[in-house]
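What the coordinates show
For reference, the chains in residue letters:
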Protein chains: 2
Amino acid sequence: MELSKHNLYRAQWSILYYLANYGSATLVEISNYLGVEKPTVTRTVTRLEELGYVEHVPGKDRREKRMQLTEPGSKIYQDVRVTIDQFEQDILKGISEEEQLQAIRIMKEIRNNILQKGDNKND
Amino acid sequence: MELSKHNLYRAQWSILYYLANYGSATLVEISNYLGVEKPTVTRTVTRLEELGYVEHVPGKDRREKRMQLTEPGSKIYQDVRVTIDQFEQDILKGISEEEQLQAIRIMKEIRNNILQKGDNKND
DNA sequence: TAGTAATAGTTACCTACGCTAACTATTTCT
DNA sequence: AGAAATAGTTAGCGTAGGTAACTATTACTA
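Residues numbered from 1 in each chain as written. Chains lettered and ligands numbered in written order. Predicted model: local features only at pLDDT ≥ 70, side-chain atom pairs only at ≥ 80, totals over all residues. Heavy atoms only, no water.

The next point concerns the interface of chain B and chain A. In this assembly, 18 residues from chain B lie in contact with 18 residues from chain A. Contact with chain A buries area across many residues of chain B, yet I91, I106 and K117 of chain B alone supply 29% of it, more than any other trio. Close ionic contact of R105 of chain A with E99 of chain B constitutes a salt bridge, the shortest N to O distance being 3.1 Å. At the junction of chain B with chain A, the criterion picks out 6 residue pairs in polar contact (both at pLDDT 80 or more). Mapped by element, the contributors of at least two residues to the side of chain B that touches chain A are α4 (71-91) and α5 (97-117) of chain B. Residue contributions to the side of chain B that touches chain A peak at 11 residues, all from α5 of chain B. Here the side of chain B that touches chain A is built from residues that sort into 9 nonpolar, 3 polar and 6 charged. (Contact = heavy atoms within 4.5 Å. Buried area = accessible area lost by both parts, 1.4 Å probe. Salt bridge = Lys/Arg side-chain N within 4 Å of Asp/Glu carboxyl O. Polar contact = N/O pair within 3.5 Å; in protein donor to acceptor, adjacent residues only side chain to side chain. Helix = DSSP H or I, 4+ residues; strand = E, 2+ residues; numbered from the N terminus. Nonpolar A, V, L, I, M, F, W, Y, C, P; charged D, E, K, R; others polar.)

What follows is the structure, given as structure tokens:
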């Protein structure tokens, strides 16, 4: 899709997105945000490090690995952001602002329902 | 998610779904419907054959492989259908019929916009 | 009608990305 | 101080996407 233009994959993008919007995050934070197990995050973050898009920033708690975007990582994020914004504009053609807000509101309600269902810490 | 309760994976389900709603289909038809390459379809259909959920029905054109659900395949489809219907009811709790129709209409418009964008036979 | 095009599928191979189980290192709690 | 909890890693499994190169069959065309 749009991401492949930038040689980025979905899971990789979702982490760049999170870091761009939250500044920095530990692997566990990312894991919770994405709803994915820790080893999955470890692997993708490692890949992003190899690509030079994210870097480790040491903190007090030496167990955790707090990550942030690098300069190139921010650059890539901005580039993809533009591509995606353009894509969104295209696919929303002919849909009024009002309709968009309606749809977003409803989707948020559904999202809340889903989150409540999956609230069990385990399973 | 809901599919894992039935030991089914997303791509597998999408093919069962298509066959349940269209009766039978060739691999190329499935490939077009799902928007994935032929080898991907070959693999997943092979897996579904191993599981005994789909079977080959010979036709005139001996190049193509027309598939349909088996008895057990239909049974599984129905079972999953029930699980998913229940799930949908749950996550739509508190959203009026009117709102649902609105959202569906808007999503269909977006879908059409996306399909038009990707209309190029190649690329 | 013989020969070429196109079409349907397959095989082999690469990568991404979920998962679980079992582990180390560090911090927190008792 | 010692046990329990937390953060992350490693190894290994399976599904699922992709491309390149191939076979078999059908359709087109000169």
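All names here are of chain A. Within the open sheet, the 3 strands sit side by side as β1-β3-β2. Their pairing is antiparallel. Edge positions in the sheet fall to β1 (24-26) and β2 (54-56), since each has one partner strand and no second. Averaged over all pairs of adjacent strands, the angle between strand axes in this sheet comes to 35 degrees, irrespective of strand direction. As judged from the 3 bridges shared by β2 and strand β3 (residues 66-69), these two strands associate in the antiparallel manner. Bridging across to β3, H56 finds its partner in M67. (Pairing = 2+ DSSP bridges. Axes fitted to C-alpha atoms, helices over the stretch in contact; angles between N-to-C directions.)

Time to look at the pairing of β3 of chain A. Residue and element names in this part refer to chain A. Side chains of β3 alternate between two faces, with M67 and L69 buried and R66 and Q68 left unburied. Sheet topology places β1 next to β3; 3 bridges connect them, and they run antiparallel. Directly across from A25, in β3, lies its bridge partner M67. (Buried < 20%, exposed > 50% of the residue type's maximum accessible area, 1.4 Å probe, protein only.)

Limitation: the analysis is restricted to geometry and does not speak to function.
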